[in-house]
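Structural characterization, general
One letter stands for each residue in the lines below.
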Amino acid sequence: MLDQTPKEIIARSGICINPLKTCQPVGALYAALGVHRCMPHSHGSQGCVSYHRTLLTRHFKEPAVASSSSFTEGASVFGGGANLKQSVKNIFDVYDPDIIAVHTTCLSETIGDDLNSFILELDIPDGKRVVHCNTPSYVGSHVTGYGQMVAGFIKYLAAKEEKSDSIGVFPGFVNPGDIRELKKLFKLMGVPAMILPDPSDTLDGPMTGSYQMFPEGGTSLAEIRAFGGVKRVLALGLLASKEPALVIKSRCGVETDLLPQPMGIANTDAFLKRLMDLTGHTVPKELEYERGRLIDLLLDANQYYYQKKVAIFGDPDTVAGLLSIALELGLFPSYVVTGTPGDAFVSQCQEILQEYDVPPAKVKAGSDFFELHQWIKNEPVDLLIGTSYGKQIAKAEDIPMVRAGFPILDRYGHAHHPLIGYEGTRRLAELVAGALMDRYDRDCPDEDLDVVM
Amino acid sequence: MDYKTAVLGKYNARIYKSRKDHILEVKEGQTQPIAANTRAIPGIMTNRGCCYAGCKGVVVGPLKDTCVITHGPIGCGFYSWGTRRNKARPDADGNNYIQYCFSTDMQEPDIVFGGEKKLRKAIEEVMAIFKPKNIMICSTCPVGLIGDDIHAVASQAEKDYGITCLAFSCEGYKGVSQSAGHHIANNGLMKRIIGADDSGHIGQFSVNLLGEYNIGGDGWETERLLKKIGYNVVAVFTGDGAVTDIARSHRADINLIQCHRSINYVAEMMKTAFGVNWLKVNFIGLQSIARSLRDLATYFGDNGLIERTEEVIAEEETSVAPTIANYRERLNGKKAAIFVGGSRSHHYQDLLLDFGVETILAGYEFGHRDDYEGREIIPEIKEDADSKNIENLVVEPDRRYRAFLTPERYQELKEAIGLEEYAGLIRAMGDGTWVVDDLNHFETEEMVRILKPDVFFSGVKDKYVVQKAGVVCRQLHSYDYSGPYAGYRGAVNFGRDLTMGLFVPAWKLINAPWRESNNA
């Protein structure tokens, strides 16, 4: 496995090898699937949306619908306005969604298609909406693409004149299981909340024997409208929710808190503390007990985590959260990497690391799996935490791996579970201990195999 | 009931007009034209991918002794990294680059100021780290639009590093589907690789396997059979394939075509340039395998080979017969729908029949009319604006041209084994069954509802749509992470997987007991 990867590291500026990110449009598509009766639409060649639907389907093991402007060479020369017009008519005629959420691609961006004016010229049926965002693939990553789409919904649909008693939440690039956990936290705190987007029920739908292209679930048009008048918005994930947080502040004057993902105990504590400050509500006993059970677990299993070296990789907001969890478990993070470019990630992670008395870690944005692998070849680790492509390194170097983040293509049921909240940390703590203990059992001499651990 | 009207009747006039000639009910004994390889309709959810996917993803991606660099923003390279299950083992030098994804990861300044500089730098770094003998560059949409000259960069790299470096202008917007990318890749292999190596000895009974991508290990199972009989497999295009092998492939005695759609250009061009005859084979399904092996033995006309072929068929059939019979007992009488890329929708009908399963609906995602109606239709196919943009490479007989057969023997074999012929999918299907080209999401839902197949074979984008509707869907692109399905052992795997899919205990648990009375 990966036998051509040398230990010797050569500085690279031209070639990315084994990417740790993908392009903006797939993030935009994912965000749009969390809106009720919304058809994500990719303005470009149909190959893009084929790849994106495939990736999302493989991650969620669920249908991921989306349409395309199906550019040909002609459209690439003369512009894609006619293709968009025809697409929108056909989509409303055949699939009848309430909203079409258009995102651009490197193709339509490079030729300079002006989506604002295209959309103004569309013939849109009464009560239906068409929104858009710009997601050139040569900027950012799938995480920023996600943020662009959420911001696009706000730009087009949030109404300043609305009044709502709810807290608005941008959940960031997380799984349906995280959304359910968020809802649980708000419910237990007695705080009414609206979440945009909400892929629970749209991307973890039940088996009923009948297929619904637009299932129940997803943030509704009315709810997005009402976002313009919420008391406050909690924008989770410093990168994924940055853009929508800026937009809702500037468009609707809504105050926002841009917070790290509530992953790990300190982050979840801070999140709940913020809710307390905003609402005056107290944390119920049920949540305190949940927190207590988690701390109990960490103390009980401590010896299996203690100073084990870990490499953490994936998307910036998730990796920062996983880093917090790893430190709380007592692991020693050696490598903390993302493929998404941006220095903010590095400073965020360094700040987290500074709170702990641990050896220095290598933290890098804009990295790739190849670089991570070379680092590991030079200084090995005991554990990998991250996304599915990491399994190549796990196999090549014989390192146990715990899957977390996006994409996870080789597991079933993972997206039902949270990484956020105390419950998310509890789950990760269990997975990590299990992986490390299994490895010990596998490698130890027979006389050292203990049934009781 | 007229299913065609039932499905198409829900379309607006413009879509109706575009789609009506892509769907037909098979009338046995009739010549039935079908519209194919035309533009997808904007907004209508097609399963099709793009030109890049056909070139990089399908044809050149599997070459294990080659660093394939995707020149473009990160997505395209990422999505085509290790996702197609085209398996490969390291070559004699220990190289296997298919586990790697190489991308220039173009950023905004590269789009504004041009990406050639970054591409050159990328090649320099790949050479410094991996020292490959071959590099191939595949371009993505923006590269063509900003006018990067990837061919000039490739030529320069050949001079600078003494390697083989090919460039493919396979931008996603070209053509109407992956099919354009297959053609572009075929042209590149023909221009630069095929015929490049005359060294060494090619044994007798030498064959190339074309259009075999070794998904789930299919190619290995097919090769096992061929080698067992006594054939020399010179090159496989391109599953577990290598540029070093393909460079020698012009000296083989025959080209065996598995996937007609993606590789027939190479077969035709090798015939013209080097005189290599081709034979359409199918190593999917017991009857098809036996027929393909017998046809091949007939081609060589060697008595020892013919005898050995019969021995191997008998031995292999005997070894799998009880298991096949066992699965057949559980599957017999089931109805299937198949919608895959370019050739499998035909191939798998043979395998299904081994289990007593009839195909009631079939179609190709990116097939051409000849894949449906047979190759004799080719002269009648009109070029359109999209197909004209793909280079139609004209080759001349090479100085090394070698006719393996006398003209008389060639004619005899044409009649006896259908040498250089392909009759297409429609003729393989029964009266009253359905053929739909570029079946889309809406039509899939409708056809599943109306025709009620017991199993639907398609890809991952359809899989959960169909299964949520209560019909088992098996992926015939990736084999649902199983396989091989080719050859005799593959048939057993397929029977097991299909039986498994149909008899999953959970199918019976869908209705909660307190809901059953409502549904009764």
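1. Details of the overall build of chain B
Scanning chain B from terminus to terminus reveals 22 helices and 14 strands. Scaling as 2.2 N^0.38, a compact globule of 520 residues should have a C-alpha radius of gyration of about 24 Å, and chain B matches this with 23 Å. By its C-alpha atoms, chain B is 75 × 65 × 45 Å across when sized along the principal axes. Taken across its 520 residues, chain B has 65% of its residues classed as buried. Taking the intrachain contacts of chain B between residues at least 6 apart in sequence as the baseline, contacts between residues at least 24 apart amount to 75%. As displayed, chain B has an accessible area near 19,200 Å², and 50% of this comes from carbon and sulfur atoms. Looking at charge distribution, chain B has the averaged site of its 61 positive side-chain charges lying 4 Å from that of its 68 negative ones.

2. What about the domain arrangement of chain A?
The extent of an interface is frequently quoted as the accessible surface area lost upon association of the parts. Residue and element names in this part refer to chain A. According to the domain assignment, chain A consists of domain 1 (24–157), domain 2 (167–204 + 213–279) and domain 3 (285–448). Measuring from the centre of the C-alpha atoms in domain 2 to the corresponding centre in domain 3 gives 25 Å. Listed by partner, the interface residues are 27 residues for domain 2 and 29 residues for domain 3. Carbon and sulfur atoms make up 63% of the surface buried where domain 2 meets domain 3, a total of about 2,300 Å² over both sides. For the pair domain 2 and domain 3, the interface holds two salt bridges. Of the charged contacts, one joins Arg-291 and Asp-269 as a salt bridge, the two residues approaching to 2.7 Å between their closest N and O atoms. Of all the secondary-structure elements, those providing two or more residues to the side of domain 2 that touches domain 3 are α8 (176–189) and α11 (265–279). For the side of domain 2 that touches domain 3, the element with the most residues is α8, which contributes nine residues. Its residues assigned to classes, the side of domain 2 that touches domain 3 shows 15 nonpolar, seven polar and five charged.

3. Things to note about the sheet that holds strand β6 (residues 206–212) of chain B
Across a sheet, strands are paired by hydrogen bonds formed along the backbone, either parallel or antiparallel in direction. Residues and elements named next belong to chain B. Strand order in this open sheet of four strands is β7-β6-β8-β9, and the pairing throughout is parallel. Each having just a single partner strand, β7 (232–238) and β9 (277–280) make up the two edges of the open sheet. The mean angle between the axes of side-by-side strands here comes to 25 degrees, regardless of whether they run parallel or antiparallel. With four bridges connecting them, strand β8 (residues 254–257) and β9 associate as parallel partners. Bridging from a neighbouring strand, Ile-254 pairs with Asn-277 of β9.

4. What to know about the packing of helix α9 (residues 178–192) of chain B against helix α12 (residues 260–274) of chain B
All names here are of chain B. Contact pair α9 / α12: the axes reach a minimum separation of 8 Å and the direction vectors enclose 30 degrees. Classed by the angle they form, the pair α9 and α12 counts as roughly parallel. As for the relative orientation of α9 and α12, their crossing is right-handed in sense. Between α9 and α12, the residues in contact are Ser-179, His-182, His-183, Asn-186, Asn-187 and Met-190 and Arg-261, Ser-262, Ile-263, Asn-264, Tyr-265, Val-266, Met-269, Met-270, Ala-273 and Phe-274, respectively. When grouped by side-chain class, the residues that make up the contact of α9 with α12 number eight nonpolar, seven polar and one charged.

5. Remarks on the packing of α8 of chain A against helix α12 (residues 285–300) of chain A
Residue and element names in this part refer to chain A. For the pair α8 and α12, interaxial distance at closest approach is 9 Å and the crossing angle is 130 degrees. Considered as vectors, α8 and α12 are oriented oblique to each other. Contact residues: Glu-181, Lys-184, Leu-185, Leu-188 and Met-189 in α8; Glu-286, Leu-287 and Glu-290 in α12.

6. Details of the sheet that holds strand β4 (residues 134–139) of chain B
What the five strands build is an open sheet, ordered β1(A)-β3(B)-β2(B)-β4(B)-β5(B); its pairing is mixed. With one partner strand each, in any of the chains shown, β1 (16–17) of chain A together with β5 (164–168) of chain B form the two edges of the open sheet. Where strand β2 (residues 66–71) of chain B meets β4 of chain B, six bridges bridge the pair, whose relative direction is parallel. Residue pairing in the sheet places Thr-70 of chain B in a bridge with Cys-138 of chain B of β4 of chain B. Running at roughly 150 degrees to β5 of chain B, α9 of chain B makes contact with β4 and β5 of chain B of the sheet.

7. A word on the packing of aromatic side chains
Tallying each qualifying case throughout the model produces 36 aromatic pairs over all chains. Each ring, one from Phe-370 of chain A and one from Tyr-100 of chain B, has its centre 6.4 Å from the other, and the planes form 65 degrees; the classification is edge-to-face. Within this pair, whereas Phe-370 of chain A is found in helix α16 (residues 369–378), its partner Tyr-100 of chain B is found in the loop between α4 (74–79) and β3 (102–103), the two belonging to separate chains. With 5.4 Å between their ring centres and 55 degrees between their planes, Tyr-389 of chain A and Phe-78 of chain B make a pair best called tilted. One end of the pair, Tyr-389 of chain A, is in the loop between β13 (383–386) and α17 (390–397); the other, Phe-78 of chain B, is in helix α4, on a second chain. Of the two residues, Tyr-389 of chain A and Phe-78 of chain B, neither departs from the other in class, the shared state being buried. Seen from the ring of Phe-503 of chain B, Arg-330 of chain B lies directly overhead, with NZ or CZ sitting 4.2 Å from the centre. For the cation-ring pair, Lys-463 of chain B lies above Tyr-464 of chain B, with the distance from its terminal atom to the ring centre recorded as 6.0 Å.

8. Points about the interface of chain A and chain B
Taken together, the contacts link 76 residues of chain A with 76 residues of chain B. Summed over both sides, the interface of chain A with chain B buries roughly 6,600 Å², with 62% coming from carbon and sulfur. Linking chain A with chain B are two salt bridges, by the criterion used here. For Lys-21 of chain A, the salt bridge is made with Asp-105 of chain B, and the minimal N-O distance between the two is 3.0 Å. The tally of links from chain A across to chain B stands at 35 residue pairs in polar contact (both at pLDDT 80 or more). Those elements giving two or more residues to the side of chain A that touches chain B turn out to be β1, β2 (38–43), α2 (46–60), β3 (67–68), α3 (73–78), α4 (81–94), α5 (106–110) and α16 of chain A. The biggest single contributor to the side of chain A that touches chain B is α2 of chain A, with 10 residues. Of the pairings in the sheet, the one linking β1 of chain A to β3 of chain B comprises two bridges and is antiparallel in character. Residue pairing across strands places Cys-16 of chain A opposite Ser-103 of chain B, the latter belonging to β3 of chain B.

9. Here we look at the side chain of Thr-219 of chain A
Residue and element names in this part refer to chain A. Relative to the elements of secondary structure, Thr-219 occurs in the loop between β7 (193–195) and α9 (221–227). Looking at Thr-219, its side chain comes within polar contact range of the main-chain oxygen of Ile-195, at 2.6 Å. Beyond its immediate chain neighbours, meaning those up to four positions away, Thr-219 contacts Gly-34, Val-35, His-36, Ile-195, Leu-196, Pro-197, Asp-198 and Ile-224.

Reading guide: rules and limits
Residues numbered from 1 in each chain as written. Chains lettered and ligands numbered in written order. Predicted model: local features only at pLDDT ≥ 70, side-chain atom pairs only at ≥ 80, totals over all residues. Heavy atoms only, no water. Helix = DSSP H or I, 4+ residues; strand = E, 2+ residues; numbered from the N terminus. Rg over C-alpha atoms; globule rule 2.2 N^0.38 Å. Buried < 20%, exposed > 50% of the residue type's maximum accessible area, 1.4 Å probe, protein only. Contact = heavy atoms within 4.5 Å. Areas by Shrake-Rupley, 256 points an atom, 1.4 Å probe, with all protein chains shown as cover. Lys, Arg positive; Asp, Glu negative; His and termini not counted. Charge placed at Lys NZ, Arg CZ, Asp CG, Glu CD. Domains from an automatic or database assignment. Buried area = accessible area lost by both parts, 1.4 Å probe. Salt bridge = Lys/Arg side-chain N within 4 Å of Asp/Glu carboxyl O. Nonpolar A, V, L, I, M, F, W, Y, C, P; charged D, E, K, R; others polar. Pairing = 2+ DSSP bridges. Axes fitted to C-alpha atoms, helices over the stretch in contact; angles between N-to-C directions. Parallel < 35°, antiparallel > 145°, perpendicular 65-115°, else oblique. Left-handed = near helix turned anticlockwise from the far one by under 90°. Phe/Tyr/Trp six-rings, centres within 6.5 Å; stacked < 30°, edge-to-face > 60°. Lys NZ or Arg CZ within 6 Å of the ring centre and 35° of its normal. Polar contact = N/O pair within 3.5 Å; in protein donor to acceptor, adjacent residues only side chain to side chain.

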